[in-house]
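Results of the structural survey
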Amino acid sequence: MNPFSARTVLSRAQRAGLVVALALIAAWAVLRPMIVVQTVVAVVTVAYGAAIVFRVVLVWAASRGEHLIRVTDEEARAVPDHELPVYTVLVPAYREPSVIGLLMSHLGALEYPADRLEVILLLEEDDRETIEAAARVATAPHVRILVVPESQPKTKPKACNVGLEQATGEFVTIYDAEDVPDPLQLRRAVVALRRLGTEYVCLQAELGYFNVDQNRITRWFALEYATWFRSLLPGLVALRMPIPLGGTSNHFRARELRDIGAWDPYNVTEDADLGIRLARSGRRVGVLHSVTLEEANSDFINWIKQRSRWYKGYLMTWLVHLRSPRATVRQLGWRGLLCLNLFVGGTPLAALLNAVLWATTILWFLDRPPVMEEIFVPPFYYLGVLCLVFGNATVIYLNVLSARTMDRPDLLGTALLSPAYWAMMSLAGAKAAWQLLVKPSYWEKTTHGLHLAKESADVG
Amino acid sequence: MSVDVLAPRETRRDRTLLYGLVYLAVAVWFWHSDLVPGDSASRVANAYYTLFSRDPHLAAIGFVWNPLPSLILLPFLPLGLLFPALTQQGLLVVLVSAALMTLTVVVAHDVLRRSGVPRVPRLALTAAFALHPMIVVYSGNGMSEAGFLLCLMLAVRALLIWFETGRAESLVPLGLAVGLAYGARYEALAPVAAVPLIVFLTTLLRTPGARDRRMALARTDAVIAGLPGVLAVLLWALAGKLIVGQWFATFSSEYGNSAQVSANAAGIGSVTGDDLPTRIGYWAQQMAGLSPMFLVLLLAALAAAWARRDPRVLAAVTVLGSVLAFDALAFLSGTSFGWLRFHIAVIPLSVLLAGHLIVAFPRRATVATALVCTLVAVPAAIVTLNRPELAREESEWLTADGAARTRGLALVNRQVAADLDAMGLPDGAVLTDAAYAFGVVLASDRPRQFVITPDRDFAAVLADPSGHGVRYLLLSARGAADAVRLRHFGPDPAAVPTTGVRTWHDPAGGRQWTLVRV
């Protein structure tokens, strides 16, 4: 049994600790309310400042030297077919009949011998429509449809675990139904994993978007991903920190994946959690220079749903890994702890706090309530001002840099308009926090196919 | 690792140490001779108020002068509690300028190395920069020039690297260096504008492909190179507006540069001339005094760059040249004091131009000529620094008469502080304008006895001193904008009573301070 499962988000000890802590704080707040508020503001400011500094350090670390693993086309193709291992591709899909046909053509483009490829479509029992659509197109002998029996929790990681049980490949990867992977990605992963040795058990391929120019949201999203995969993750690699995996295109050695218990079916960002668990077990993850194109979420509501699920999952992952602090410290070390707190916990919390902090700033300029001067004690006040001014400027600046390094100078305006995107993140952060309290394991389904013509888009 | 790899690194460290020692000696000399300039002491004072005044708060650092020269001192100020000379006598600021100038030399050497200048001429050029009398003086006097030159040199280095690699990442240190330079001195407005422009043009011209795409790339590159500088200007202005109500206090404040220039217009004009031709003559004399062959080096280096289609010389020309042009325009249009130090950027620029010439024509004759053109600046500067009409500020430290005046002012300030300290006054008992009294406040063991301009209740106390527990007004004799004197005795300094009050005079007999009972 996975000790870090999000089946229960807070362990009994955590829950007890939280209750005691809240009770103490409440009691203290009754006696000395101002000190409590001042302390909260101080702690939040320091954590926020640390998260910004951490981000800058990651970008800086990533820019010093090469931390993406590169395999050239020639190297990828040089491996003779008979030396390639059997490769299992898991494709979990739910209510996506319209993209299944496209999926087959994208997977068909993979340059990998069919007799060494095993594609398993993971479909849910109650999703007759997709099963039927898949049955019509999945005619090749190496493609299997695996209907996941109805059981709770009905999540993507649960389906993947079912698929992994039946997978015969030495290597395993996951693609979403709408993904367009680089045709040489499997070969590159094989070459890279063999070259890196057994210490490395997973490679995360870069994710990008094929519908960047659909609207402003997709442009922001694309820029965010470019920063994430070109700067932040390579930065984590450079600093030898845990890598929170992205939802698709992670390439595993199947045996090691089974050894550590595969995906946590209760965690709604099972990928990020898996990255931390890999680090805890002392295994390493690399970032592979090979792009899988996904569909960027172009619809505001749909984007909020998806993002709130991610944030909820990050918060979950953060909490479950803080469960046994001594083991966490021992297994992750200080680097891993920094990553866990400032990156995994920090990303959703910063999104959530942004709204509160901006509201405070606006309130100050509108009304200048004297109580705020009391709340913000000088050193933390100055730190807060620094975060407000330089923090925001830094992140906008890094976005401009991303636009340039991903060779998309047309995204300059999008980068400069980033603050509007952060407002969306704040909304998602609030929704995530609320949902973590009321329905932690609920999987906010993301609708795919919005880039297709209106009438054929399916809504799940 | 072989010895060959280690050797140059070792010597480089030793050489840096050598220049650092020279600068340290100069710094100690300035301090020991009581010659720390007022501008340097006021930067220490601005930092000092944020921690040790009656009303410690960060905004006390003030908005008339750009904040970096004071901010950089902040972390070291608590040491003043252990070694009072660091703050009270300005030792800290001269030590910091010596360290910053040493770093500038290191960066200058690295720029020459990256430009491809061979070892021997490179060492000679580095020495020509590092031991230029003007650089030596400004390494040890605590003025903002050392920090400013360091930022500019870092910008030159980053721009040079970008010209070579074209990597957008190199534009980040470039942008940051220009932004920092604005933090040090407002002349950096020139590179804040010029650097993004040159980056824009370079990308536009050297990128292959369709025009739209080239434009988009050029725009993005210009934003990466320019945003930190533009933000530095905007945020500093915004902070000034929010805290003291002025967007650009250095231009609009009664204590700022513009006000000082207009107050001293007659004095400036009598030395530099009032009309354009005379001013141009004065400016040319100053420039020639610091780098006689500058124009020759500039034209030759630009011609060589054009012939070789090598844009790298533009790194130095853009960054340092724009600062020189800015100061020249400010002076010629009559909005600056025309101090010699405003042309200090010509010194590193000449050295770097000579370096580019040597790289372009590595023949013995060219190398020798370029070196001579650079080294001739050393004797020229020695002569210039000894001509008080050209080196008006510097002669106040370097000539016997000027040094006596400067020392006299420092000593009278210390005497005022000692006498006030001896009176055992409570906090907030002495009201004074810190724009003039910074030396007194700094030298005092009891800085909290003063109510000073940056205090948030200054305006209220000024309006009703006795109601706020003020017992004395400390008035400067000549401060054109002394807020306390203007408020209580009007614009005419002669209106200040001379009997029944305590006064302090400098060694030449000039009255400097008057203490009036409320």
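Conventions used here
Residues numbered from 1 in each chain as written. Chains lettered and ligands numbered in written order. Predicted model: local features only at pLDDT ≥ 70, side-chain atom pairs only at ≥ 80, totals over all residues. Heavy atoms only, no water. Helix = DSSP H or I, 4+ residues; strand = E, 2+ residues; numbered from the N terminus. Contact = heavy atoms within 4.5 Å. Polar contact = N/O pair within 3.5 Å; in protein donor to acceptor, adjacent residues only side chain to side chain. Patch = residues over 30% accessible without salt bridge, like charges linked within 9 Å, V, L, I, M, F, W, Y side chains within 5 Å. Areas by Shrake-Rupley, 256 points an atom, 1.4 Å probe, with all protein chains shown as cover. Salt bridge = Lys/Arg side-chain N within 4 Å of Asp/Glu carboxyl O. Buried < 20%, exposed > 50% of the residue type's maximum accessible area, 1.4 Å probe, protein only. Pairing = 2+ DSSP bridges. Axes fitted to C-alpha atoms, helices over the stretch in contact; angles between N-to-C directions. Parallel < 35°, antiparallel > 145°, perpendicular 65-115°, else oblique. Left-handed = near helix turned anticlockwise from the far one by under 90°. Nonpolar A, V, L, I, M, F, W, Y, C, P; charged D, E, K, R; others polar. Buried area = accessible area lost by both parts, 1.4 Å probe. Phe/Tyr/Trp six-rings, centres within 6.5 Å; stacked < 30°, edge-to-face > 60°. Lys NZ or Arg CZ within 6 Å of the ring centre and 35° of its normal. UniProt positions renumbered as here; feature names shortened; annotations may be inferred.

With respect to the environment of Ser53 of chain B
Residue and element names in this part refer to chain B. Within the secondary structure layout, Ser53 lies in the loop between helix H2 (38–52) and helix H3 (68–71). In this structure the C-alpha to C-alpha distance between Ser53 and Pro311, which are 258 residues apart in sequence, comes to 51 Å. Each residue touching Ser53, except ones within four places of it in the same chain, is listed here: Tyr48, Arg448, Ile452 and Asp455. A distance of 2.7 Å separates the side chain of Ser53 from the backbone oxygen of Tyr49, its partner in a polar contact.

Considering a nonpolar patch on the surface
A contiguous nonpolar patch, built from Phe365 of chain A together with Leu238, Leu242, Ile243, Val244, Trp247, Phe248 and Phe251 of chain B and spanning about 720 Å² of accessible area, is present on the exposed surface. Considering each element in turn, the nonpolar patch owes the most residues, 4 residues, to helix H12 (residues 211–244) of chain B. Note on placement: Leu242 of chain B falls in helix H12.

Notes on the pairing of strand E9 (residues 284–294) of chain A
All names here are of chain A. The buried count for E9 comes to 8 of 11 residues, which makes it a mostly enclosed element. For strand E1 (residues 68–69) and E9, the ladder comprises 2 bridges, and the chain directions are parallel. Note that in E9 the partner of Leu68 across the bridge is Val287. Of the pairings in the sheet, the one linking strand E6 (residues 180–181) to E9 comprises 2 bridges and is antiparallel in character. Paired with Pro181 across the strands is Thr292, a residue of E9. Pairing of strand E7 (residues 200–209) with E9, which is carried by 9 bridges, proceeds in the parallel orientation. Note that in E9 the partner of Tyr209 across the bridge is Glu294.

Some remarks on the packing of helix H10 (residues 270–280) of chain A against helix H11 (residues 300–321) of chain A
Residue and element names in this part refer to chain A. Contact pair H10 / H11: the axes reach a minimum separation of 9 Å and the direction vectors enclose 25 degrees. For the element pair H10 / H11, the angle class is roughly parallel. The interaxial crossing formed by H10 with H11 has right-handed handedness. Note on element contacts: H11 touches H10 through Tyr314, Thr317, Val320 and His321, opposite Ala272, Asp273, Ile276, Arg277 and Arg280. Here the contact of H10 with H11 is built from residues that sort into 4 nonpolar, 2 polar and 3 charged.

Considerations on the interface of chain B and chain A
Interfaces are frequently sized by the accessible area removed from exposure as the parts join. Across the contact, 21 residues belong to chain B and 16 residues belong to chain A. Considering only the side of chain B, the residues that lose the most area to chain A are Thr220, Ile224 and Leu242 of chain B, jointly responsible for 25% of the buried surface there. Between the two partners, chain B and chain A, sit 2 salt bridges. In this structure, Arg404 of chain A and Asp221 of chain B form a salt bridge, with 2.5 Å as the shortest nitrogen-oxygen distance. Joining chain B to chain A, the criterion identifies 5 residue pairs in polar contact (both at pLDDT 80 or more). Mapped onto the side of chain B that touches chain A, the elements with two or more residues apiece are helix H10 (171–184) and H12 of chain B. Residue contributions to the side of chain B that touches chain A peak at 13 residues, all from H12 of chain B.

Observations regarding the packing of aromatic side chains
Throughout the structure, instances matching the rule amount to 26 aromatic pairs over all chains. Ring geometry for Phe252 of chain A and Trp263 of chain A: centres 5.8 Å apart, planes at 85 degrees, overall edge-to-face. Separated by 11 residues along the polypeptide, Phe252 of chain A in strand E8 (residues 250–253) and Trp263 of chain A in the loop between helix H9 (254–259) and H10 bring together distant segments of the chain. Aromatic side chains Phe337 of chain B and Trp339 of chain B sit 4.8 Å apart centroid to centroid with 5 degrees between the ring planes, which places their arrangement in the stacked category. The same class applies to Phe337 of chain B as to Trp339 of chain B, namely buried. Through a chain of ring-to-ring contacts, three or more aromatic side chains come together here, namely Tyr209, Trp220, Phe221, Tyr225, Phe229, Trp303, Trp310 and Tyr421 of chain A. Its guanidinium or amino end placed over the ring of Trp162 of chain B, Arg206 of chain B lies 4.6 Å from that ring's centre, counting from NZ or CZ. Over the ring of Trp306 of chain B we find Arg309 of chain B, and its NZ or CZ is 4.5 Å from the ring centre.

Concerning unusual backbone geometry
Its identity is not glycine, yet Arg95 of chain A carries a phi of approximately 55 degrees, on the positive side. Examined against the element boundaries, Arg95 of chain A turns out to sit in the loop between strand E2 (87–93) and helix H4 (97–108).

Observations regarding the UniProt feature "transmembrane region" (unreviewed entry) in chain A
Taking the numbering used here, the UniProt-annotated feature "transmembrane region" (unreviewed entry) corresponds to residues 12–31, 37–61, 332–360 and 380–400 of chain A. When the span residues 332–360 of chain A is considered, its composition is 100% helix and 0% strand, and the gap between its end C-alpha atoms is 36 Å.

Structural notes on the pattern of salt bridges
Applying the stated criterion across every chain yields a total of 40 salt bridges over all chains. Here Glu118 of chain A makes a salt bridge to Arg144 of chain A, at a shortest N to O gap of 3.4 Å. Here Glu118 of chain A, found in strand E3 (residues 117–124), pairs with Arg144 of chain A, found in strand E4 (residues 143–148); they are 26 residues apart in sequence, far enough to count as distant. Given the relative accessible area of 8%, Glu118 of chain A is considered buried. Residue class for Arg144 of chain A comes out partly exposed when judged on its relative accessible area of 27%. One salt-bridge network, held together by shared partners, links Asp39, Glu145, Arg185, Glu187, Arg341 and Glu393 of chain B.

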